[in-house]
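So the chains spell out like this:
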Amino acid sequence: MYEIIEKKVMSETVKLMKIKAPLVAKKAKAGQFIILRIDEKGERIPLTIADYDRKKGTVTVIFMEVGKTTKHLGTLNVGDFLLNFVGPLGQPSDIEKYGTVVMIGGGVGIAPLYPIVRELKQMGNYVISILGARNEKLLMLEKEVEKHSDELYITTDDGSKGDKGFVSDVLQKLIDEGRKIGMVMAIGPVIMMKVVANVTRPYKIKTLVSLNPIMVDGTGMCGGCRVSVGNETKFACVDGPEFDGHKVDYDNLMLRNRRFVCEEEESCKLAGV
Amino acid sequence: MAVRKTKYEMAEQSAKERIKNFNEVPYGYNEKTAIEEAKRCLQCKNRPCVDGCPVEIDIPEFIKHIAEGDIDKAVEILKTKTNLPAVCGRVCPYESQCEGECTLKKIGEPVGIGRLERFLADYERKKGVKIPKKAKPTDKKVAVVGAGPAGLTCAGDLAKMGHSVTVFEALHDPGGVLMYGIPEFRLPKEIVKAEVDYIKKLGVEIKYDIVVGKTITVDELMKDYDAVFIGTGAGLPRWLRIPGENLDGVYSANEYLTRVNMMRAYDFPNYDTPVKIGKIVATFGAGNVAMDCARTSLRLGAEKSYIIYRRSDVEMPARDEEIEHAKEEGVIFHLLTNPVKFTGDDKGILKEVECIKMKLGEPDESGRRRPIPIEGSNFKIQIDTALVAIGQSPNPLVPKTVKGLKIGKWGNIETDEDGRTNIPEIFAGGDIATGAATVILAMGAGKRAARAIDKYLKLKK
Ligand SMILES: Cc1cc2nc3c(=O)[nH]c(=O)nc-3n(C[C@H](O)[C@H](O)[C@H](O)COP(=O)(O)OP(=O)(O)OC[C@H]3O[C@@H](n4cnc5c(N)ncnc54)[C@H](O)[C@@H]3O)c2cc1C
Ligand SMILES: Cc1cc2nc3c(=O)[nH]c(=O)nc-3n(C[C@H](O)[C@H](O)[C@H](O)COP(=O)(O)OP(=O)(O)OC[C@H]3O[C@@H](n4cnc5c(N)ncnc54)[C@H](O)[C@@H]3O)c2cc1C
Ligand code: SF4
Ligand code: FES
């Protein structure tokens, strides 16, 4: 059993939780994730490790309430317990010196982006962050990201904050201005990652994306999380979740993420959430 | 009196009834029938059945005690060689092991050794399991990685020898394939739990949610433990490697069975994990895993459940009983048929599989006749779901993260007969060493490794 030590409401649908899980905290690295199960009847869902405190033995997750499990999780409070919390899973990000990096987070993708921003900055990179969301309310971790960035840009689809438009527009502008970019990382909705990869492809800028397929075990046993990368089948839970953005088959990922849409809706309806 | 030529029947749920539920198919012998069946045994001096048993259970001896009505003694004899009799009594391929060697086969059916084993285990469970005496506690600690049959057996035996044992399991339930792979109707999860409880009562501690190689490494375990046993199984699904395999509707057998068994998707939405199969399901392969997939699909409401297999019926690797049960339940077999391509609709949802007819050629390395495609024989089958059950390879996670550990060409951990690896403190056994095999072989490997570990610990001092 894993205790919820802290809970913060980031926005209407986004919550942060610190969970006591000393073994996970001890090993966690930026770019990795955990899988949790709330109770006996619960589903196993993956969430990125947004932060960790090795001394206190806690792991921070930030999640958007999109369906049955994440909504249920959002109703839990400090002192409540999760039945299962396993990790750290997946390969950590390559924290290297690239020179200038552009870090793009969309929506809930900002959460997993944040620790990578922090560590790339600590490595001595010049960090340009671009955060985007549908509207101001869905933006998060702005201050935290800003603290570790040399430049910060914000876009919203409706212009309620920052530039009206998409994160990819800002990226295109930076490229057009002739900025020398060593690496671009994009985490967010699949369609956003696809667009970002399309922007950087003609310029051959190294582009990493973090994929979020449906998972079950997280140990490479089921293959439910398989994604097609450069025409090879990879298991995102052990080979990823980060991959070369220019090689990912995004359309297949979008398709596979819709596998259980009807069932997910049914589940929510029955639970009244 | 002449010996009865056939086994006494074991009552079972009718095929029509059972495809509507997940309850176990056979009911098992009652005491009276068990005694009658035991009386069929000839008590052969040369004991061929024992030679056929991978863990050398003293078969004639336990059968003799059943025949004499001393069931408790029979249980005791059985349990000196197996920690998981209720499991083995249900899933062992007896026909190619003990029963395959039985002298009675010369005149008819062998003694129902598997049925008798199952009877004993169920008898004992109902009565309350006796915890055997343990050796005096030693000051040695052993870490076991993976709570499948290999790991659990090794852990139980080491505990009996007085060592302190901790099992590290990646998933949230113990049992390995017994829990996430083999379905409820063949191996009720209550039985797996009872067998695991027995191992816990021997003093074994099981820690869940620990992916060794990620949460903690074997090298780290070696700092706190005197020896490590690796029993992480063959969990890596193999693929057909044909176009369309990543479409919505194509599952690995592992994903499908894990969703249904471990996550209980058959009870969705009471349980949160979904599974979706549509009306027509095709399972590729013809081993136990494939039969489990095909039969599970019927129970989840599939109108048609196909087995598609590239060789013929004699080469099907599944246990006879599984194939029989599958046929009785209405699974349709497309033999000498190989898939070449999956196609989806405009949304990318699986809609059909293209297959090619095969014929058998000369025997290959496995001794089975090689299937050869018949050119121009391609045809299409409409399907909603495809389940790929063509085998599993050793899970690379642990082997890849242990420095200097010798790995074989299939990604398996190389060991000697007794589970020793090239690193003195590290032992391994079960599917991770042999590639996908059987429960009893995994158990046998766990037992031999426990003895080798005990020897190693005594010398280590
Ligand atoms: C490596 C990885 C890291 C992730 N990190 C975060 C994070 O930090 N914060 C966050 O908010 N979300 C994250 N996600 C997504 C998160 O796992 C899903 O939002 C969550 O599983 C939805 O479950 P639900 O029951 O609430 O919604 P559902 O109604 O079940 O599903 C909503 C959508 O979520 C996806 N989904 C459903 N079940 C799963 C599953 N078992 N595994 C993965 N995706 C699923 C599907 O695309 C689905 O359409 C991550 C996903 C992955 C694979
Ligand atoms: C569907 C199906 C049906 C089968 N039917 C039969 C049958 O009828 N008869 C028969 O004899 N055999 C059958 N088998 C084969 C049999 O189940 C296996 O041979 C046997 O379970 C192998 O035992 P094991 O202990 O080596 O591995 P497993 O049972 O695979 O157990 C390995 C355990 O290790 C855990 N693990 C893996 N990686 C890690 C890690 N990194 N850290 C911690 N833990 C880890 C796994 O989660 C698992 O619990 C079947 C297999 C399947 C899949
Ligand atoms: S071979 Fe058959 S008949 Fe002979 S002892 Fe074994 S079980 Fe009895
Ligand atoms: S989640 Fe099962 S293999 Fe990746």
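A. Up close: the site of ligand 3. All names here are of chain B. Taken together, C41, L42, C44, P48, C49, P60, I63, C102, T103, V111 and I113 are the residues near ligand 3. At the level of secondary structure, the elements contributing two or more residues to the shell around ligand 3 comprise helix 3 (48-52) and helix 4 (59-67). When the residues that make up the shell around ligand 3 are grouped by side-chain class, the tally is ten nonpolar, one polar and no charged.

B. Molecular detail of the site of ligand 1. Residues and elements named next belong to chain A. The local shell around ligand 1 holds 23 residues, among which P46, T48, I62, M64 and T70 are the closest. Interatomic distance of 3.0 Å between a backbone N/O atom of M215 and a nitrogen atom of ligand 1. Across the complex, the protein chains shield 88% of the 870 Å² of accessible surface that ligand 1 would expose by itself. Where the shell around ligand 1 is concerned, the elements lending two or more residues are strand 4 (45-48), strand 6 (58-64) and helix 2 (68-75). In terms of residues, the shell around ligand 1 owes the most to one element, strand 4, which gives four residues. Looking at the shell around ligand 1 residue by residue, the class counts come to 13 nonpolar, six polar and four charged.

C. Main features of the packing of aromatic side chains. All names here are of chain B. Under the defined criterion, the tally for this structure stands at nine aromatic pairs over all chains. An angle of 50 degrees between the planes, with centres 6.1 Å apart, marks the rings of F22 and F185 as tilted. Placement of the pair is F22 in the loop between helix 1 (15-18) and helix 2 (31-38) and F185 in the loop between helix 10 (177-180) and helix 11 (189-201), with a sequence separation of 163 residues. This pair shows no difference in class: F22 is buried, exactly as F185 is. For the pair F427 and Y456, a centre-to-centre distance of 5.9 Å together with 65 degrees between the ring planes defines the contact as edge-to-face.

D. Region of the structure containing the sheet that holds strand 7 (residues 280-284) of chain B. Residues and elements named next belong to chain B. Ordered in space as 6-14-7-8-9, the five strands form an open sheet in which the pairing is parallel. Whereas interior strands pair on both sides, the edge strands pair on one side only; in this sheet they are strand 6 (250-252) and strand 9 (332-334). Between one strand axis and the next, the sheet turns through 25 degrees on average, direction left out of account. Alignment of strand 7 against strand 14 (residues 385-388), held across four bridges, turns out to be parallel. Pairing of F284 across the sheet is with V388, part of strand 14.

E. A look at the interface of chain A and chain B. Contact residues are listed per partner, giving 44 residues for chain A and 43 residues for chain B. Buried surface at the junction of chain A and chain B, summed over both partners, amounts to about 3,800 Å²; 53% is from carbon and sulfur atoms. Here chain A and chain B share three salt bridges between them. Notably, a salt bridge pairs R259(A) with E255(B), separated by 3.0 Å at the nearest N-O pair. Considering each element in turn, the side of chain A that touches chain B owes the most residues, six residues, to strand 8 (residues 84-89) of chain A.

F. Focus on the environment of V402(B). Here V402(B) shows up in the loop between helix 16 (397-401) and strand 16 (426-428). Judged by its relative accessible area of 5%, V402(B) is buried.

G. View of the pairing of strand 10 (residues 126-133) of chain A. Residue and element names in this part refer to chain A. Across the eight residues of strand 10, seven count as buried, placing the element largely inside the fold. Across seven bridges, strand 9 (residues 100-106) lies against strand 10 in parallel orientation. Bridging from a neighbouring strand, I104 pairs with I130 of strand 10. As for the winding sense of the linkage, the β-α-β connection from strand 9 through helix 3 (residues 110-122) to strand 10 is right-handed. The sheet contact formed by strand 10 and strand 11 (residues 151-156) spans six bridges and is parallel.

H. A look at the packing of helix 5 (residues 71-79) of chain B against helix 8 (residues 113-127) of chain B. Residues and elements named next belong to chain B. Where helix 5 meets helix 8, the axes come as close as 10 Å, and the angle between the chain directions of the two elements is 110 degrees. Between helix 5 and helix 8, the crossing angle belongs to the class labelled roughly perpendicular. Across the interface between the two elements, I71, D72, A74, V75, L78 and K79 of helix 5 pack against E117, F119, L120, Y123, E124 and K127 of helix 8. A class-by-class count of the residues in the contact of helix 5 with helix 8 yields seven nonpolar, no polar and five charged.

I. Local environment of the nonpolar core. Counting 72 residues, the largest nonpolar core has I59(B), F62(B), I63(B), I66(B), L116(B), L120(B) and I453(B) as its most contacted members. With ten residues, helix 18 (residues 439-460) of chain B is the largest single contributor of residues to this core. Sequence-distant contacts of I66(B), defined by excluding residues within four places in its chain, comprise A34(B), I35(B), A38(B), I71(B), A74(B), L116(B) and L120(B). Counting residues in each nonpolar core, the second largest holds 58 residues, with I205(A), I242(B), Y306(B) and I381(B) among its members.

J. Local environment of the environment of L23(A). All names here are of chain A. Tracing the sequence through the fold places L23 in helix 1 (residues 22-27). Relative accessible area serves as the criterion here: at 37%, L23 is assigned to the partly exposed category. The spatial distance from the C-alpha of L23 to the C-alpha of G79 is 19 Å, given a sequence separation of 56 residues.

K. Representation of the sheet that holds strand 4 (residues 227-230) of chain B within the structure. All names here are of chain B. Strand order across the open sheet formed by five strands is 3-2-1-4-16, with parallel pairing between neighbours. In this open sheet, the two edge strands, each paired with only one partner strand, are strand 3 (205-207) and strand 16. Across this sheet, the average inter-strand angle for adjacent strands is 20 degrees, counted without regard to direction. Here strand 2 (residues 164-168) runs beside strand 3; their pairing, made up of three bridges, is parallel. By the bridge assignment, T166 is partnered in strand 3 with E205. Sheet strands touched by helix 9 (residues 149-160): strand 1 (141-145), strand 2, strand 3 and strand 4. Its angle to strand 2, the strand with the most contacts, is close to 165 degrees. Against the sheet, helix 18 touches strand 1, strand 4 and strand 16, its axis set at about 170 degrees to strand 4.

What counts as what
Residues numbered from 1 in each chain as written. Chains lettered and ligands numbered in written order. Predicted model: local features only at pLDDT ≥ 70, side-chain atom pairs only at ≥ 80, totals over all residues. Heavy atoms only, no water. Near = heavy atom within 4 Å. Helix = DSSP H or I, 4+ residues; strand = E, 2+ residues; numbered from the N terminus. Nonpolar A, V, L, I, M, F, W, Y, C, P; charged D, E, K, R; others polar. Polar contact = N/O pair within 3.5 Å; in protein donor to acceptor, adjacent residues only side chain to side chain. Areas by Shrake-Rupley, 256 points an atom, 1.4 Å probe, with all protein chains shown as cover. Phe/Tyr/Trp six-rings, centres within 6.5 Å; stacked < 30°, edge-to-face > 60°. Buried < 20%, exposed > 50% of the residue type's maximum accessible area, 1.4 Å probe, protein only. Pairing = 2+ DSSP bridges. Axes fitted to C-alpha atoms, helices over the stretch in contact; angles between N-to-C directions. Contact = heavy atoms within 4.5 Å. Buried area = accessible area lost by both parts, 1.4 Å probe. Salt bridge = Lys/Arg side-chain N within 4 Å of Asp/Glu carboxyl O. Right-handed = clockwise from strand over helix to strand, strands pointing away. Parallel < 35°, antiparallel > 145°, perpendicular 65-115°, else oblique. Core = buried A, V, L, I, M, F, W, Y, C linked by side-chain atoms within 4.5 Å.

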